[in-house]
Structures are given as structure tokens and as C-alpha cells.
Amino acid sequence: LTKYENQETFGYRKWINETEFESTYTFYTTKQASEYAYNFARNVKDLELVKEFNYDFEGNLKIMGIYSRNCFEFIITDIALMRDSVTSVTFYTTL
């Protein structure tokens, strides 16, 4: 991580209105994304937002559902959950 911490990793275009984006991208560095994921994971754990299930054939599984469109925040949430061995279950509006 240290080698690439200042590299632009996640880029997105900001919304102008409900149908238009800015033409330029805003970027987060690898270090920023890692910090966001770490802090999110810590808060999820502190607030006890993850449900743990015990399955005879799998053992204990930690599961959390995410309802979101594909965006930077979704990616950070998924990375944060992976850091704590939590399985994310994604819900989309298209289901």
C-alpha cells in the first residue's frame, strides 16, 4: 500500500443535476480509500451493525446487506466489510 498510497485510484464525476455529470473526474488516492474503508469497518464493528449466523455446514458467517447504486461509497463499503471477513449481500433496484 505504501508504494501506491498517493496514486489516484478511484475516480468519479460529480452530479450537476439529476441527469448530468461534470465533465471532469474527481479522484481519491489509494491512501484515502484505505482510510475510509478502515474507518467504516471500525464503525460497523463498534455499532454492531453486522449480523452473525451459525450454519452447521459452514460455521459462523458474518453478513451485511448493502442497498446502493454502483458508486465510490459502495466500493468502500464492500472493501471495509471484506477487511473484517464480512460477506456483503447486495440489493439492487433492478432486482
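All figures in this text were calculated on a predicted structure; none of them were measured in a lab. (Residues numbered from 1 in each chain as written. Predicted model: local features only at pLDDT ≥ 70, side-chain atom pairs only at ≥ 80, totals over all residues. Heavy atoms only, no water.)

Visitor: What is the right way to look at the overall build of the chain in this model?
Guide: A tally of regular secondary structure across the chain gives two helices and five strands. Its helices and strands taken in sequence order, the chain reads β-β-α-β-β-α-β from the N to the C terminus. In summary, the chain has a C-alpha radius of gyration of 16 Å against a globular reference of 12 Å for 95 residues, an excess of more than 25%. By principal-axis analysis of the C-alpha atoms, the chain measures approximately 50 × 40 × 25 Å. (Helix = DSSP H or I, 4+ residues; strand = E, 2+ residues; numbered from the N terminus. Rg over C-alpha atoms; globule rule 2.2 N^0.38 Å.)

Visitor: Sorry, what's going on with a nonpolar patch on the surface here?
Guide: Side chains of Phe-53, Tyr-55 and Phe-57 sit close together on the surface and give an oily, nonpolar patch of about 320 Å² of accessible area. For Phe-53, the location among the structural elements is in strand β3 (residues 51-55). (Patch = residues over 30% accessible without salt bridge, like charges linked within 9 Å, V, L, I, M, F, W, Y side chains within 5 Å. Areas by Shrake-Rupley, 256 points an atom, 1.4 Å probe, with all protein chains shown as cover. Salt bridge = Lys/Arg side-chain N within 4 Å of Asp/Glu carboxyl O.)

Visitor: Is there a simple way to think about the nonpolar core in this case?
Guide: One broad trend across soluble globular proteins is that nonpolar side chains are buried collectively. Within the largest apolar cluster, eight residues are counted, these being Phe-10, Tyr-28, Ala-33, Ala-37, Ala-41, Phe-72, Ile-76 and Ala-80. When contributions to this core are tallied by element, the ones reaching two or more residues are α1 (30-46) and α2 (72-83). Apart from residues no more than four positions distant in its own chain, Ile-76 is found in contact with Ala-33, Tyr-36 and Ala-37. (Core = buried A, V, L, I, M, F, W, Y, C linked by side-chain atoms within 4.5 Å. Buried < 20%, exposed > 50% of the residue type's maximum accessible area, 1.4 Å probe, protein only. Contact = heavy atoms within 4.5 Å.)

Visitor: Would you mind going over the packing of aromatic side chains with me for this structure?
Guide: Each aromatic ring pair is summarised here by two numbers: the centre-to-centre distance and the angle between the ring planes. Counted under the stated rule, the structure contains nine aromatic pairs. Look at Tyr-55 and Phe-57: their rings are 5.8 Å apart centre to centre, the planes differ by 45°, and that puts the pair in the tilted class. Cluster of aromatic residues (ring-pair linked, three or more members): Phe-10, Tyr-12, Tyr-28, Tyr-36 and Phe-72. Positioned above the aromatic ring of Phe-53 is the side chain of Lys-51, whose terminal nitrogen or guanidinium carbon lies 5.7 Å from the ring centre. (Phe/Tyr/Trp six-rings, centres within 6.5 Å; stacked < 30°, edge-to-face > 60°. Lys NZ or Arg CZ within 6 Å of the ring centre and 35° of its normal.)

Visitor: Where do I start with the pairing of strand β4 (residues 59-67) in this structure?
Guide: For a regular strand, the rule is simple: side chains alternate between the two faces of the sheet. Bridging between β3 and β4 involves five bridges; their strand directions are antiparallel. Looking at the pairing, Asn-54 lines up with Asn-60 of β4. For β4 and strand β5 (residues 86-91), the ladder comprises six bridges, and the chain directions are parallel. Looking across to β5, one finds that Lys-62 is bridged to Val-86. Crossover β4 to β5 through α2 is right-handed. (Pairing = 2+ DSSP bridges. Right-handed = clockwise from strand over helix to strand, strands pointing away.)

Visitor: Explain the packing of α1 against α2 to me, please; I cannot follow it from the model alone.
Guide: When two helices pack together, their arrangement is given by the angle between their axes and by how far apart the axes lie. The N-to-C vectors of α1 and α2 enclose an angle of 60°; their axes lie 8 Å apart at closest approach. One element, α1, and the other, α2, form an angle in the oblique class. Here α1 runs over α2; the crossing is right-handed. Across the interface between the two elements, Ala-33, Ser-34, Tyr-36, Ala-37, Tyr-38, Phe-40, Ala-41 and Val-44 from α1 touch Phe-72, Ile-76, Thr-77, Ile-79, Ala-80, Leu-81 and Arg-83 from α2. (Axes fitted to C-alpha atoms, helices over the stretch in contact; angles between N-to-C directions. Parallel < 35°, antiparallel > 145°, perpendicular 65-115°, else oblique. Left-handed = near helix turned anticlockwise from the far one by under 90°.)

Visitor: Any chance you could explain the pattern of salt bridges here in plain terms?
Guide: Once the charged atoms of two side chains with opposite charge are near each other, the side chains can pair. One pass over the full model with this rule turns up two salt bridges. Note that Asp-84 and Lys-62 form a salt bridge whose closest N and O atoms lie 3.6 Å from each other. Highlighted residues: Asp-84 in the loop between α2 and β5 and Lys-62 in strand β4, separated in sequence by 22 residues. We classify Asp-84 as partly exposed; its relative accessible area is 23%. Here the salt bridges do not stand alone but share partners, grouping Lys-45, Lys-62 and Asp-84 into one network.

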